[in-house]
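Residues per chain, in single letters:
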Amino acid sequence: MVLKVYGSTDSPCTQRLALICHEKRVPFELFVVDMKGGEHKSATYVEKQPFGQIPYIDDDGFILFESRAICRYICAKYPDQGTPLVPKDPKALALMEQGASIESTNFDFNVSVIVGEKFNPMRGFTTNEALVSERLALLTTRLAGYEAILGKQKYIAGDELTLVDLFHIPYGEFLLRLGVDILVNGSFPNVSRWWKDISSRPTWKKVHAGLVSVQSYD
Ligand SMILES: N[C@@H](CCC(=O)N[C@@H](CS)C(=O)NCC(=O)O)C(=O)O
């Protein structure tokens, strides 16, 4: 039975898991959740996702939410299919987990707030500019750490691409779309080199062009 994805085409978290499906060549069917109509807060929805957020998956009755956990599940279920994104060697795996914490605490922590605040006017709220400046300053400090890592190796966890590099793409792309060019503007040349590499992957281009269900991969 094809993997069912409940999410939205323009949600970075749904895009994250679609990207991994493309990399692992796992077909999926997208069920668009009516966020504007509040479907994600309905009683039937929160039975599946208690926080009333997207995305979640239904894999033949197995319900899972949290986009990064879903990505890990897909990689665990299909270890030898598509791009190898999770190392088997314990030390390489530990470095990937270190990278996952880096993404969560240094990148997502700041970028999700910046993106959310900048989107506020489109939702009828005011942007908290002081908070945006604070998080941009913190992000800049943290990108200096990225620059140090990426000055020594090609990717976050070593010289091989892993899941954690790809975790950055959807929110990184939103930052660019909102006019924050910190990932490409040249202040961090190795970050810029890394960003161009990962964001030019055909799998991401496919997600970016429009997130739709995939019946099969040739
Ligand atoms: N950590 C969660 C975050 C999920 C999340 O924040 N989803 C957003 C859309 S990208 C959402 O549902 N927002 C609506 C809300 O929080 O009420 C994940 O990675 O799945």
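Everything discussed here concerns the structure shown above.
Keep in mind that this is a model prediction, so the values were computed, not measured.

Q: Lay out the site of the ligand in plain terms, naming residues and giving numbers.
A: Around the ligand, 13 residues are found, and the nearest of them are K41, Q53, I54, E66 and S67. For the ligand, an oxygen atom lies 3.1 Å from a polar atom in the side chain of Q53. Out of a free accessible area of 510 Å², the ligand has 74% covered by protein chains. Mapped onto the shell around the ligand, the elements with two or more residues apiece are helix 1 (12-24) and helix 3 (67-77). Residue composition of the shell around the ligand, by class: five nonpolar, five polar and three charged.

Q: An account of helix 9 (residues 202-209) is requested, with residue identities and associated values reported.
A: Since the α-helix advances by 3.6 residues per turn, residues separated by three or four positions end up pointing in the same direction. Turning to helix 9, its buried residues are T203, W204 and V207. For helix 9, the buried positions fall inside an angular range of 95° around the axis, keeping them on one side. Opposite the buried face of helix 9, at more than 90 degrees from it, the exposed residues are P202, K205 and A209. Looking at the buried side of helix 9, the elements it contacts are helix 1, helix 7 (169-177) and helix 8 (189-199).

Q: Give a detailed account of helix 5 (residues 129-150), specifying residues and quantitative values.
A: For helix 5, built from 22 residues, the straight-helix expectation of 32 Å at 1.5 Å per residue is met to within 8% by its first-to-last C-alpha distance of 30 Å. Buried within helix 5 are the following residues: V132, R135, L139, L143, Y146, E147 and L150. Buried residues along helix 5 cover an arc of 130° about the axis, so they all sit on one side. Residues A130, E134 and T141 are exposed on helix 5 and point more than 90 degrees away from its buried face. At its buried positions, helix 5 is contacted by helix 4 (90-119), helix 7 and helix 8. Two or three places before A130, at the opening of helix 5, N128 has a side-chain oxygen 3.3 Å from that residue's backbone nitrogen.

Q: Residues and numbers for the packing of helix 4 against helix 5, please.
A: The N-to-C vectors of helix 4 and helix 5 enclose an angle of 145°; their axes lie 9 Å apart at closest approach. Handedness of the helix 4/helix 5 crossing: left-handed. For the pair helix 4 and helix 5, contact is made by I102, E103, T105, N106, F107, F109, N110, V111, V113, I114, E117 and K118 and by L131, V132, R135, L136, L138, L139, R142, Y146 and I149, respectively. Residues belonging to the contact of helix 4 with helix 5 are distributed by class as follows: 13 nonpolar, three polar and five charged.

Q: An account of the pattern of salt bridges is needed here, citing residue identities and associated values.
A: Per the counting criterion, the structure on display carries six salt bridges. The partner of R72 in a salt bridge is E97, and the shortest N-O contact between them spans 2.6 Å. In this pair, R72 is assigned in helix 3 and E97 in helix 4, connecting sequence segments 25 residues apart. The partly exposed category is assigned to E97, whose relative accessible area is 35%.

Q: Residues and numbers for the nonpolar core, please.
A: Counting residues in each nonpolar core, the largest one holds 54 residues, and the members touching the most others are F28, Y146 and W194. Top element by residues in this core is helix 4. It accounts for seven residues. Both domain 1 (3-84 + 204-209) and domain 2 (90-201) contribute no fewer than three residues apiece to this core. Ignoring sequence-local partners within four residues, the contact set of Y146 consists of I102, E103, N106, F107, I156, H168, V191 and W194.

Scoring rules and cut-offs
Residues numbered from 1 in each chain as written. Predicted model: local features only at pLDDT ≥ 70, side-chain atom pairs only at ≥ 80, totals over all residues. Heavy atoms only, no water. Near = heavy atom within 4 Å. Polar contact = N/O pair within 3.5 Å; in protein donor to acceptor, adjacent residues only side chain to side chain. Areas by Shrake-Rupley, 256 points an atom, 1.4 Å probe, with all protein chains shown as cover. Helix = DSSP H or I, 4+ residues; strand = E, 2+ residues; numbered from the N terminus. Nonpolar A, V, L, I, M, F, W, Y, C, P; charged D, E, K, R; others polar. Buried < 20%, exposed > 50% of the residue type's maximum accessible area, 1.4 Å probe, protein only. Arc of directions from axis to C-beta. Contact = heavy atoms within 4.5 Å. Expected span 1.5 Å × (residues − 1). Axes fitted to C-alpha atoms, helices over the stretch in contact; angles between N-to-C directions. Left-handed = near helix turned anticlockwise from the far one by under 90°. Salt bridge = Lys/Arg side-chain N within 4 Å of Asp/Glu carboxyl O. Core = buried A, V, L, I, M, F, W, Y, C linked by side-chain atoms within 4.5 Å. Domains from an automatic or database assignment.

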